[in-house]
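# Overview (structure and organization)
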Amino acid sequence: MTGMIVAPQPEAAEAGALVLKRGGNAVDAAIAAAFVQGVVDPLMCGIGGFGSMQVYMPKRNRHEILEFYARAPLAATPDMWLDRLRGQSRDGFAFLLEGGISEQGHLAVCTPGNVRGYAEALSRYGTIGWEEAMAPAIAEARRGVMVRPHMHWFWTQDQSASGQVNTADKLRLSATGRRVFFREDGGPKRPGDILHNPDLTRTLERLAKGGPELFYNGELAEEIEADFIAQGGLLRREDLAAYRLSVAQPIWGEYRGHRIATSPPPASGLSMLQILQMLEPFDLGALEHNSAGHVRLLAEAMKRMTLDKDRHMGDPDYVDVPVARLLSKEYAAEQAEAIRRGERAVVKRLDRSQRETTHLSVVDAEGNAVAMTHTLGSPSGAITEGLGFMYNGTMSRFDPRPGRAASIAPGKRRASSAAPSIVFKEDKPFIVIGAPGGSYIAPAIAQGIMNVIDFGMSMAEAVAAPRIVAVSDSIDVSNRVPRFVTEALQAEGYDVKRSWQSYAFAALHGILLRDGVPQGGADPQRDGMALGVR
């Protein structure tokens, strides 16, 4: 086996694998698969979304993070929604406003970056052309998309108790949404049904022929602006024309002799590294996996990470994020000692989940590795009539209160929960990993890495093992964590909340390289697969 791709969608994994078989490199495979993901999982990502990718190409001496995050519209202001603030989601992912205006509709949309990011990745690192990369997605769009179990669960879940807008209600906002996602009787389409979206097919065909500038400076930009003006949104052609991505160096951490490269702020690689470094002083491997002692240590590290994230995380072009201090060995040792003394961190939210993202990991025969996370942040429900794709709904991630790290500002990149990561062993990639899942991403990736390094699991075992998260003042556990464990934690005074899901809290997708041989793991939560290439 000379290459592998892991993705939450079988169609995307197949598209990437075929690119590898034809001699394309890991970046070529990643971008072809990413376009397919936008077709077969249209509420998780697409050309209306944004993302980032870590690219490691040793023969070219390239190791970079390509950042194509969403940016607040240029017309946005720090206090524009202050009087509409009603609360915050329990996981801290979204700020809740009166009428859900930052979650659904055209006001919820930030300037998309995916088209620019995909194009830059191909020109900077790839070997295939733009049209060739888009061809598998166009073929999938023409064929129609079969509804998978996770897709159906996602758009039928009831989030009303949390104060958030239900996805089904977002899908009903547009004529396209009502045509594509619902049956004739008005109910949502079910697993096995086929989604037909000819408008999206035509848009992808236009984009393939016209190139990425069609989206940012051409006819598509004109059509997007006209729709946003008509619907009272903020996005304009000036936002699209002014959009710029960035290229950053990875930030690095260490865990038990392994060096870990991940995404810098405004992404959440910093948060993932903090969890690992706080727990490095503890001999986790001597504990029973998911025992009360193990879960307690995980939870206390996650809560401390969350406090730092809430306090500091934002776009470093606008706020000072103290990366060096938060990743220092001294700071990690201080936090570890507080945990050892039995001190409990307290996370407070404003009074008053899983998130809409996808990921892929790829390695190829040349030793290249790609970890890519891209997303809609959350689907806005806004679809320009005739274009067929949904826009991101990421304005809800900005804090409506001025003067904070995550406050709104024109052109500001919204903080991202993504953390596409590569773990190195003896200067070679050992684990290539990432996940969708909003605020749960950093805790999930940290647990996946620890599952391999501390508990000796295979990649498939590591991504499927029951997880916990503690990004509020509760410990949330997968339903496969034994009740005798949670009862012991409750007896200690912890508030424990049990998920009904067997595979809960983000969805890990990773590749483990042992002696150069890739071993893939696709989280069972998302219907995906790992596909090797010989």
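As the structure is a computational prediction, the values presented were derived from the model and not from experiment.

Basis of the calculations
Residues numbered from 1 in each chain as written. Predicted model: local features only at pLDDT ≥ 70, side-chain atom pairs only at ≥ 80, totals over all residues. Heavy atoms only, no water. Pairing = 2+ DSSP bridges. Helix = DSSP H or I, 4+ residues; strand = E, 2+ residues; numbered from the N terminus. Axes fitted to C-alpha atoms, helices over the stretch in contact; angles between N-to-C directions. Contact = heavy atoms within 4.5 Å. Phe/Tyr/Trp six-rings, centres within 6.5 Å; stacked < 30°, edge-to-face > 60°. Buried < 20%, exposed > 50% of the residue type's maximum accessible area, 1.4 Å probe, protein only. Lys NZ or Arg CZ within 6 Å of the ring centre and 35° of its normal. Domains from an automatic or database assignment. Buried area = accessible area lost by both parts, 1.4 Å probe. Salt bridge = Lys/Arg side-chain N within 4 Å of Asp/Glu carboxyl O. Polar contact = N/O pair within 3.5 Å; in protein donor to acceptor, adjacent residues only side chain to side chain.

### Let's talk about the sheet that holds strand β10 (residues 258-262)
- Spatially, the six strands line up as an open sheet ordered β9-β10-β15-β16-β20-β21, and their pairing is antiparallel. Two strands in the sheet have a free side with no partner beyond their single neighbour: β9 (251-255) and β21 (517-522). The mean angle between the axes of side-by-side strands here comes to 20°, regardless of whether they run parallel or antiparallel.
- In this sheet, strand β15 (residues 421-425) lies alongside β10 in antiparallel orientation, the contact comprising three bridges. The residue of β15 that forms the bridge with R259 is F424.
- With respect to the sheet, helix α16 (residues 441-453) is in contact with β9, β10, β15, β16 (428-434) and β20 (509-514), its orientation differing from that of β16 by roughly 140°.

### What to know about the packing of aromatic side chains
- Enumeration over the complete set of coordinates arrives at 13 aromatic pairs.
- Each ring, one from Y56 and one from F424, has its centre 5.1 Å from the other, and the planes form 75°; the classification is edge-to-face. Of the two residues, Y56 and F424, neither departs from the other in class, the shared state being buried.
- An aromatic cluster is defined as three or more aromatic residues linked by ring pairs; in this entry it consists of F215, Y216, F228, Y243, F389 and Y391.
- The lysine or arginine in question, R259, covers the ring of W252, its NZ or CZ lying 4.0 Å from the ring centre.
- Of note, R480 hangs over the ring of Y503, and the distance from its end group to the ring centre comes to 4.2 Å.

### Observations regarding the domain arrangement of the chain
- By the assigned domains, the chain splits into domain 1 (3-247 + 354-399) and domain 2 (251-352 + 418-533).
- Spacing between the C-alpha centres of domain 1 and domain 2 amounts to 25 Å.
- Taking both partners together, domain 1 and domain 2 bury about 4200 Å²; carbon and sulfur atoms supply 61% of that area.
- Our count for the domain 1 to domain 2 interface comes out at one salt bridge.

### A short note on the side chain of S380
- On the secondary structure map, S380 appears in strand β13 (residues 379-383).
- For S380, the side chain forms a polar contact with the main-chain oxygen of Y391, separated by 2.8 Å.
- What S380 contacts, discounting residues up to four positions off in sequence, is E103, Q104, G105, A108, V109, K170, L173, M390, Y391, N392 and G393.

### Focus on the sheet that holds strand β17 (residues 468-469)
- Strand order in the open sheet formed by three strands is β17-β18-β19, and the pairing between neighbours is mixed. This sheet does not close on itself; its edge strands, each paired only once, are β17 and β19 (496-498).
- Note that strand β18 (residues 475-477) and β19 share three bridges and pair parallel. When the bridges of β19 are listed, D476 appears paired with K497.
- Each of β18 and β19 touches helix α18 (residues 483-491); the most contacted strand, β19, lies at about 155° to it.

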